[in-house]
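Chains, contacts and geometry: an overview
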Amino acid sequence: MKIITHLINGEMTAGGNRTSAVFNPSTGNTIRQVEMADTTTVQNAITAAKAALPHWRNTPPVKRVQILFRFKQLIEQHEEQIISLISEEHGKTLEDSAGELKRGIENIDFAVGAPELLKGEYSRNVGPEIDSWSDFHAVGVVAGITPFNFPAMVPLWMYPLAIACGNTFILKPSERAPSSTLFIAQLLHQAGLPDGVLNVVNGDKEAVDCLLASPDVKAISFVGSTPIAEYIYSEGTRRGKRVQALGGAKNHAVIMPDADLNNAANALMGAAYGSCGERCMAISVAVCVGDQVADALIEKLKPQINGLKIGAGTNRGLDMGPLITKAHLEKVSDYVTDGLKSGAELVVDGRNLSVTGHENGFFIGGCLFDHVTPEMRIYREEIFGPVLCVVRVPSLEDAIALINAHEYGNGTCVFTNDGEVARLFANEIEVGMVGVNVPLPVPVSYHSFGGWKRSLFGDLHAYGPDGVRFYTRRKTVTQRWIKRERHEAAQFYFPSNH
Ligand code: NAD
C-alpha cells in the first residue's frame, strides 16, 4: 500500500514513525497510509523554509509570479487527475471537486497581481525636502493548517498569495485527504519554484504543535473546526505569532413570505446537501417566516431530498457522496437521534441508507427536521452532515435576532423579493458573509473570506485584500536630502508642518 510522505526542500522525504489510514469513504476501504511528521521532520521543513527566505523575499515580485502563471497552467492540464484524487479521498462528487479546484485557481489569479498589490504608497514633500513611502514586506516563514473538506481550494487560499508576497511556507494539510494537496504542491515545483519556498508536512497535532512552538514560524493561517481554531489562535498569539484561525459554522437561510419558493427550495437543496453537508458555508438551518412558508417549503423539499442521487463520489452525475469517515457517519447519525429525542419532527430520515455495491461506504441520506427550536443541540451545534433544520419564526426581526444570538457567524442568506428587507437584513445581521437570494455567498478571490463571532479568531479575513495584509508587514520610510551647502541647527521640539 502506498505510503504518502512529505515534500521538504523540493524532495519527497520520509519522516515520522506513525502513519494514519486514508480511506476511500465511498467503499470504506483503506487506500493509502500517510506518514505523521514528527518533531524532527517538521523542524527540517522549518529549516528549509528559513534557508529559502532571504533569496525568495528579494526575488522581484514579477519573477515570483511568473512561476505562479506556469503553476496555474499545470493545474489546468492535470485537472482530471486532481479532481479524481479529491473525490476518491473525500467522497464529494467529481463535479463538486472540479468546482472547488476552479475556486482555488481563482486565488492564483489574484496572487499573480502581487507586483501591483505590493507596490505601496508614496508621498513627495511630506515636509521640507522630505519624501515618504510605505511598502509591504514579507512576514517570513508562514505556516498553513488546513481541513479535509477542501483539500485543493483551502491550501490555494493560502500559499500562492503568501509566496507571491515573498514569504516561504509550510503547509500541514488534513491527514484525511492528503493526496490532491500534495500533488498540487508538486506541480508548483514543476513550475519552477525554488526548493524550500513551499514545504508540505503531513501529520496531526504533533506536527501542528511543533509549528506553534517554533520561534521561526512568524504567522499561521488555520482553517478547521472552532475548538482547534481557538487553540491555534491562543497558542500562536501567546507566542507572538500573527494568527488568522477560521472555524466552524451554523449557517441560516431566512425564507420570507414573498420569496420565490421554487427557487429558494432548489437553492437550499444544493446548499444543505451538496458535498454531503461538509462545507463550512453549508446551509444547515432554514428560518421560515410564518407557518405557511414553512409548510410550503417542506412540501417542496421532501420529494427532492428523497430523490437525491447518492453514490460513490468518483461516479459522474450524482448529487451527493458519502461522509468522510465511519466515525463522522456515526456522529451525524447520533445528532439525528438526538434531534428526535429533543422533540424535533424528523420529516425525512436518511439514516440506514445502503448504496448497492458500496455497502461499506460511509453513506447517509439527506435528513430534514421541522419544528426545531434554539435550545436543541441539532440547532446549536455544527453537525457537518446532510441535515437541514427548519425553525419557524413570526417575523423578519425574530429571524435576525435568532441568527444574531447564535455563537457562529460564518455565512447566512435571505430569500426575498423585497429590496427593503434585503437591505435591512444585510445591515443588521451579525455574520461575516451574507447572501441575498444567493445561498452560498463565498466571496470571490479578490474579496476576502471570513466569518464573525466564533467562526473566526483574528483580525483579518482569508485571501484577497485581507490576505495581502496578513502575509505582509508595512514598512514606512521617511527620507530627507538636504541641499549640501545648507546646515541646520538642532531642533528639540517635535517636528511638524504647522
Ligand atoms: P479539524 O479542526 O479537525 O482539522 C483541521 C486541521 O487541524 C487539520 O489539519 C488537522 O490535522 C488539524 N488538527 C486536528 N486536531 C488537532 C489538534 N488537536 N491540534 C492541532 N491540530 C489539529 O477540521 P476538519 O474536520 O478537517 O474540517 C471540518 C471543520 O472545518 C468544520 O468545522 C468546518 O466548518 C471547518 N471549516 C471552516 C472553514 C472556514 O473557512 N471557516 C472552511 C472549511 C472548513
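Residues numbered from 1 in each chain as written. Predicted model: local features only at pLDDT ≥ 70, side-chain atom pairs only at ≥ 80, totals over all residues. Heavy atoms only, no water.

Focus: the overall build of the protein
The following threshold applies: Numbering goes from the N terminus for both helices and strands, where a helix is a DSSP run of H or I of at least four residues and a strand is a run of E of at least two. Throughout, radius of gyration means the C-alpha value; the globule benchmark is 2.2 Å times the number of residues raised to the power 0.38. Using a 1.4 Å probe on the protein chains alone, a residue whose accessible area is under 20% of its type maximum counts as buried, one over 50% counts as exposed, and one in between counts as partly exposed. Whether two residues are in contact is decided by their heavy atoms: any pair within 4.5 Å suffices. Positive charges come from Lys and Arg alone, negative charges from Asp and Glu alone, with His and the N- and C-terminal ends not counted. Where a charge lies is defined by one atom per residue type: Lys uses NZ, Arg uses CZ, Asp uses CG and Glu uses CD.
Looking only at helices and strands, one finds 16 helices and 23 strands in the protein. Against the globule reference of 23 Å for 498 residues, the protein gives a C-alpha radius of gyration of 25 Å, in line with a compact fold. Projected onto its principal axes, the C-alpha coordinates of the protein cover approximately 85 × 60 × 40 Å. Within the span of the protein, comprising 498 residues, buried residues form 57% of the whole. Nonlocal contacts in the protein, meaning residues at least 24 apart in sequence, comprise 73% of its contacts between residues at least 6 apart. If the 46 positive side-chain charges of the protein are averaged to one point and the 54 negative ones to another, these points end up 8 Å apart.

Remarks on the UniProt feature "domain: Aldehyde dehydrogenase" (unreviewed entry) in the protein
Filter applied, for reference: UniProt positions are given in the numbering used here, feature names are shortened, and annotations may be inferred rather than shown by experiment.
Per the UniProt record, "domain: Aldehyde dehydrogenase" (unreviewed entry) is found at residues 17-477. With 42% helix and 23% strand, residues 17-477 has end C-alpha atoms that lie 49 Å from one another.

Quick look at a positive patch on the surface
Counted only if it meets this: The patches described consist of residues with a relative accessible area above 30% and no salt bridge, like charges being joined within 9 Å and nonpolar side chains (Val, Leu, Ile, Met, Phe, Trp, Tyr) within 5 Å. What sets the accessible areas is the Shrake-Rupley method with a 1.4 Å probe; for residues, cover comes only from the shown protein chains. A pairing counts as a salt bridge when a side-chain nitrogen of Lys or Arg comes within 4 Å of a carboxyl oxygen of Asp or Glu.
Together, R57, K218, R473 and K475 make up a region of like positive charge exposed at the surface. For K218, the position within the fold is in strand β11 (residues 217-223). Residue K218 is classed as partly exposed on the basis of its relative accessible area, which comes to 41%.

Observations regarding the sheet that holds strand β19 (residues 411-415)
Rule in force here: A pair of strands is labelled paired if DSSP reports no fewer than 2 bridges between them. Orientation is described by lines fitted to C-alpha atoms, with helices fitted over the stretch in contact, and by angles between N-to-C directions that extend from 0 to 180 degrees.
Taken in spatial order, the seven strands make up an open sheet running β15-β16-β17-β14-β13-β19-β20, and their pairing is mixed. This sheet does not close on itself; its edge strands, each paired only once, are β15 (345-348) and β20 (433-436). Each adjacent strand pair in this sheet contributes to an overall mean axis angle of 20°, direction not counted. The pairing of strand β16 (residues 367-370) with strand β17 (residues 387-393) spans three bridges and is parallel. Looking at β17, one finds that F369 is bridged to C389. The strands touched by helix α10 (residues 261-273) are β13 (251-255), β14 (283-289), β16, β17 and β19; relative to β14, the strand with the most contacts, the crossing angle is about 155°. Contacting β15, β16 and β17, helix α12 (residues 326-341) crosses the sheet at an angle of about 25° to β16.

Details of the sheet that holds strand β23 (residues 472-480)
Consider a sheet: its strands pair through backbone hydrogen bonds, and that pairing is either parallel or antiparallel. Taken together, three strands build an open sheet; the order of strands is β6-β7-β23 and the sheet is antiparallel. Of all the strands in the sheet, the pair left with one neighbour each is β6 (121-127) and β23. The sheet shows a mean angle of 25° between the axes of neighbouring strands, direction not considered. Bridging between β6 and strand β7 (residues 130-138) involves four bridges; their strand directions are antiparallel. Within β7, the residue paired with Y122 across the bridge is W133.

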